[in-house]
Number of protein chains: 2
Amino acid sequence: MSEPTSFLLPSDRIPKAWYNLNADMPEPIPPPLHPATRLPAGPDDLTAIFPENLVMQEVTPERWVEIPDPVREVLALWRPTPLLRAVRLERHLQTPAQIYYKYEGVSPGGSHKPNTAVAQAYYNKIAGTKRLATETGAGQWGSSLALACSLFGLECRVYMVKVSFEQKPYRKLMMQTWGAEVFASPSDQTEFGRRVREQDPECAGSLGIAISEAIEDTVKTPGTKYSLGSVLNHVILHQTVIGLEALEQMEMAGPEPDIIIGCVGGGSNFAGLAFPFVEKKLAGKASYKIVAVEPTACPSMTRGDLRYDFGDTAGMTPLMMMKTLGHEFMPPPIHAGGLRYHGMAPMVSHAHKLGLIDAVAVPQTHVFDSAVTFARTEGIVPAPESAHAVAVAMDEAIAAREAGQKKVILFGLSGHGMLDLTSYENFLAGRLQDV
Amino acid sequence: MSEPTSFLLPSDRIPKAWYNLNADMPEPIPPPLHPATRLPAGPDDLTAIFPENLVMQEVTPERWVEIPDPVREVLALWRPTPLLRAVRLERHLQTPAQIYYKYEGVSPGGSHKPNTAVAQAYYNKIAGTKRLATETGAGQWGSSLALACSLFGLECRVYMVKVSFEQKPYRKLMMQTWGAEVFASPSDQTEFGRRVREQDPECAGSLGIAISEAIEDTVKTPGTKYSLGSVLNHVILHQTVIGLEALEQMEMAGPEPDIIIGCVGGGSNFAGLAFPFVEKKLAGKASYKIVAVEPTACPSMTRGDLRYDFGDTAGMTPLMMMKTLGHEFMPPPIHAGGLRYHGMAPMVSHAHKLGLIDAVAVPQTHVFDSAVTFARTEGIVPAPESAHAVAVAMDEAIAAREAGQKKVILFGLSGHGMLDLTSYENFLAGRLQDV
């Protein structure tokens, strides 16, 4: 072949430590506040629902956190993931830009989510947890946690937003195949769920209700802890394997990237790819443009305020300093369910405030239009969430063509869209609208 | 980590040539016969529906056939695929056996099928073909050809068995996302389809009818050729990348395998993994037990006769010397749709006759039971077809435990089951029966 188009690492190059940007932030990140006292929340405030080892990771000042061998052994199922050059897309766009993408869809769950699910299941296992409870919207997170629990011998209980439970049977079936118990939320399993059902028997559910059910389940069931798939510092920490591998793979490929792009919902996928590059930027070793892409329908980064807000709708979590649309904001029903979150991870919000990263919002028809072009030139059908990064990468490649610039673009393709094909059907049939 | 569990090759180790077992068969394979004259069919009899370059590959006596660079460039999207050691499954089974598997589910289509689809699309493209027609049952093949056609700029027309078209919308949507035209067969697009619909407006379709429609479409539409996803020699040739990589990866892992296992429908997945090992066996370099696994519901290898038979139900194709249940055999509706074929690839049938490979049939409840154990220990949810190999690999590992033998088992995991989860649902609910 004339030039290599894929950059693969051997299995002994799975990172041995996670990178913690909090150790390098030019200015410390504001602490979370207790929801009742509004005083800084300490580790003790979190151990009711998380095991102590993960709480310590949440607040650690260490730059590097060693990845335990049993976690690396499971990550070896699909890591290191490929870094690919989109040569057919480059030709199609007739751009002088080089487009690279880091592909997380090769995991058993089809996305980046298992990177943290596996770590969280492991730490809970060694802390003596018997059972994990969580919520899930479209099912990507719930299925990843179900997978991880089955590999480490933990029970798993998932509260799945009712409308998705009914409309997205495949992800529910994945969870059940991996042995998890899945309930449509609001459920009859919790006091809160029963109360909601009494008040509105037809209630379609929401992520806020599902979180409340999972937390109630956690505090009331002995041996149970709670698990979250994004937003928190330790989740972001676990996702940095993406960027650490990508750094090494871009060195194999040759050129330094000019632009690094990732989609953001809660922030962990974007941060996982971007933060190891932010480290190089902070160390003065490179000057990247780093772009977080969100849907115009849920624009926490580009339209939200930076202020203390709750992580959930019901206001039960600690208050976090984050870019937020307000915890009662209800995003319109768009096809990238994983990006429908009112706030943004405190670490991502803080990096944005400090000017280390940029943000942009794109409408979903542009996203799907780009995704179809990508699928037809590169072969992989992107998840609707990941397609937000695809769209901006293509926009940048077209801008490079128009400016006659040989830009090097790297984006994160966080998952495949095999279980999201009805969204593509709606787009191809002209039924998708911007909201 | 104590011992490596994954064996990954760099991108420059994608094989540079396909291996052709016909060059090494101890006794030549009987030629196909013309359906009308019953005389040996020559290349000319095939060029009506296939391009000349693929016809020459079908009959080539060469041992090694070079893989063109543009094909390797596309294969680099997902190849080399991982070889993994199933350490968690070994622990679960408490077996002294080592279990390795070659995983083809990382392709954009989720199975091994794109290996040949890409090659066929390329050869058609350089031969001047504008459009490919094919049939598909459950959709695995049709979606792989749609993918390949989109990458090489060919139009693609797929006749999809009507019952699958209606019951398996996701694979239809994959084809449409990749730009293919998909029609439920029997369709109104061909004379044959219209005739079937007149006679039986409720006809649910069959692979035989869909083949007849695709071939009629091919011969009647200028610039169109026909494409088949298994059975033929050139298809098997393209699939040998699986076994060639696996040979190298088993050398990385260390031990020689004692047993090599693959599932068989038309035969190309099994042959792709097994034939490079058969070469070593024929050269006296190793003595493997090589096992083809089929469903008891469609037992062409274990219960069929070795005789000349048609490749399709309607009797339009050349007669091939193969293990067959008779071209009018209608397999019962089992959940591994890709293994419901009345015959077996002539090369696989011939290797079986010569004693180079063994065959075994397994019932589907045993298959799904094994698949669920695999999913819950190894993480990957196997396609129902691939799960046939999982079941026999586990049987062998249990036998090794009972005999106290340190066997080394290698099996092919030809695809993931993310679009087959309703079959798992049926199994978990106790609704699956052996037929």
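Residues numbered from 1 in each chain as written. Chains lettered and ligands numbered in written order. Predicted model: local features only at pLDDT ≥ 70, side-chain atom pairs only at ≥ 80, totals over all residues. Heavy atoms only, no water.

### A closer look at the nonpolar core
Moving on, step 1. Core analysis: the largest hydrophobic core is formed by 234 residues, its most contacted members being Phe275 of chain A together with Phe275 of chain B.
Moving on, step 2. Apart from residues no more than four positions distant in its own chain, Phe275 of chain B is found in contact with Tyr19, Leu21, Ile236, Met347, Val348 and Ala351 of chain B. (Core = buried A, V, L, I, M, F, W, Y, C linked by side-chain atoms within 4.5 Å. Buried < 20%, exposed > 50% of the residue type's maximum accessible area, 1.4 Å probe, protein only. Contact = heavy atoms within 4.5 Å.)

### Quick notes on the interface of chain A and chain B
Moving on, step 1. Taken together, the contacts link 51 residues of chain A with 51 residues of chain B.
Moving on, step 2. In total, chain A and chain B occlude about 4500 Å² of area from one another, counting both sides; carbon and sulfur atoms represent 62% of this.
Moving on, step 3. Where chain A meets chain B, there are four salt bridges.
Moving on, step 4. Taken together, the connections running from chain A to chain B amount to 14 residue pairs in polar contact (both at pLDDT 80 or more).
Moving on, step 5. Looking at the side of chain A that touches chain B, the elements that each hand over two or more residues are α2 (69-75), α3 (87-93), α5 (140-152), α7 (169-177), α15 (364-378) and α17 (421-428) of chain A.
Moving on, step 6. Here the residues of the side of chain A that touches chain B sort into 28 nonpolar, 13 polar and ten charged. (Buried area = accessible area lost by both parts, 1.4 Å probe. Salt bridge = Lys/Arg side-chain N within 4 Å of Asp/Glu carboxyl O. Polar contact = N/O pair within 3.5 Å; in protein donor to acceptor, adjacent residues only side chain to side chain. Helix = DSSP H or I, 4+ residues; strand = E, 2+ residues; numbered from the N terminus. Nonpolar A, V, L, I, M, F, W, Y, C, P; charged D, E, K, R; others polar.)

### A word on the environment of Ala297 of chain A
Residues and elements named next belong to chain A.
Moving on, step 1. Turning to its location among the elements, Ala297 is positioned in the loop between β11 (289-295) and α13 (300-303).
Moving on, step 2. A C-alpha to C-alpha distance of 24 Å links Ala297 and Ser212, two positions 85 residues apart in sequence.
Moving on, step 3. Those residues in contact with Ala297 that sit more than four places away from it in its chain are Phe329, Pro331, Pro332, Ile334 and Val435.

### What about the pairing of strand β7 (residues 155-161) of chain B?
Residues and elements named next belong to chain B.
Moving on, step 1. Across the seven residues of β7, six count as buried, placing the element largely inside the fold.
Moving on, step 2. One ladder, built from six bridges, connects strand β6 (residues 131-136) with β7; its direction is parallel. Bridging across to β7, Thr136 finds its partner in Met160.
Moving on, step 3. Handedness of the β6-helix α5 (residues 140-152)-β7 crossover: right-handed. (Pairing = 2+ DSSP bridges. Right-handed = clockwise from strand over helix to strand, strands pointing away.)

### Remarks on the sheet that holds strand β9 (residues 224-226) of chain A
Residue and element names in this part refer to chain A.
Moving on, step 1. The strand order across the open sheet built from four strands is β8-β7-β6-β9, with neighbouring strands paired in parallel fashion. In this open sheet, the two strands that pair with only one neighbour each are β8 (181-185) and β9. Pairwise comparison of adjacent strand axes, ignoring direction, gives a mean angle of 25° for this sheet. (Axes fitted to C-alpha atoms, helices over the stretch in contact; angles between N-to-C directions.)

### Section: the packing of aromatic side chains
Both the distance between ring centres and the angle between the ring planes are used here to describe each pair of aromatic rings.
All names here are of chain A.
Moving on, step 1. According to the stated counting rule, one finds 25 aromatic pairs over all chains in the structure shown.
Moving on, step 2. Relative to Tyr288, the ring of Phe277 lies with its centre 5.4 Å away and its plane at 80°, an arrangement referred to as edge-to-face. Note that Phe277 is positioned in helix α12 (residues 268-282) and Tyr288 in the loop between α12 and β11, a separation of eleven residues in sequence.
Moving on, step 3. Note on Tyr288: relative accessible area 5%, which makes it buried. (Phe/Tyr/Trp six-rings, centres within 6.5 Å; stacked < 30°, edge-to-face > 60°.)

### Let's talk about the domain arrangement of chain A
Residues and elements named next belong to chain A.
Moving on, step 1. Here chain A is partitioned into domain 1 (6-14 + 77-110 + 240-428) and domain 2 (17-66 + 114-233).
Moving on, step 2. Here the C-alpha centroids of domain 1 and domain 2 sit 23 Å apart.
Moving on, step 3. Listed per partner, the contact involves 43 residues of domain 1 and 43 residues of domain 2.
Moving on, step 4. Around 3600 Å² of area is buried between domain 1 and domain 2 when both sides are counted, 70% of it from carbon and sulfur atoms.
Moving on, step 5. In this structure, the connection of domain 1 to domain 2 is made through two salt bridges.
Moving on, step 6. When the shortest N-O distance is used, the salt bridge between Arg171 and Asp420 registers 3.7 Å. (Domains from an automatic or database assignment.)

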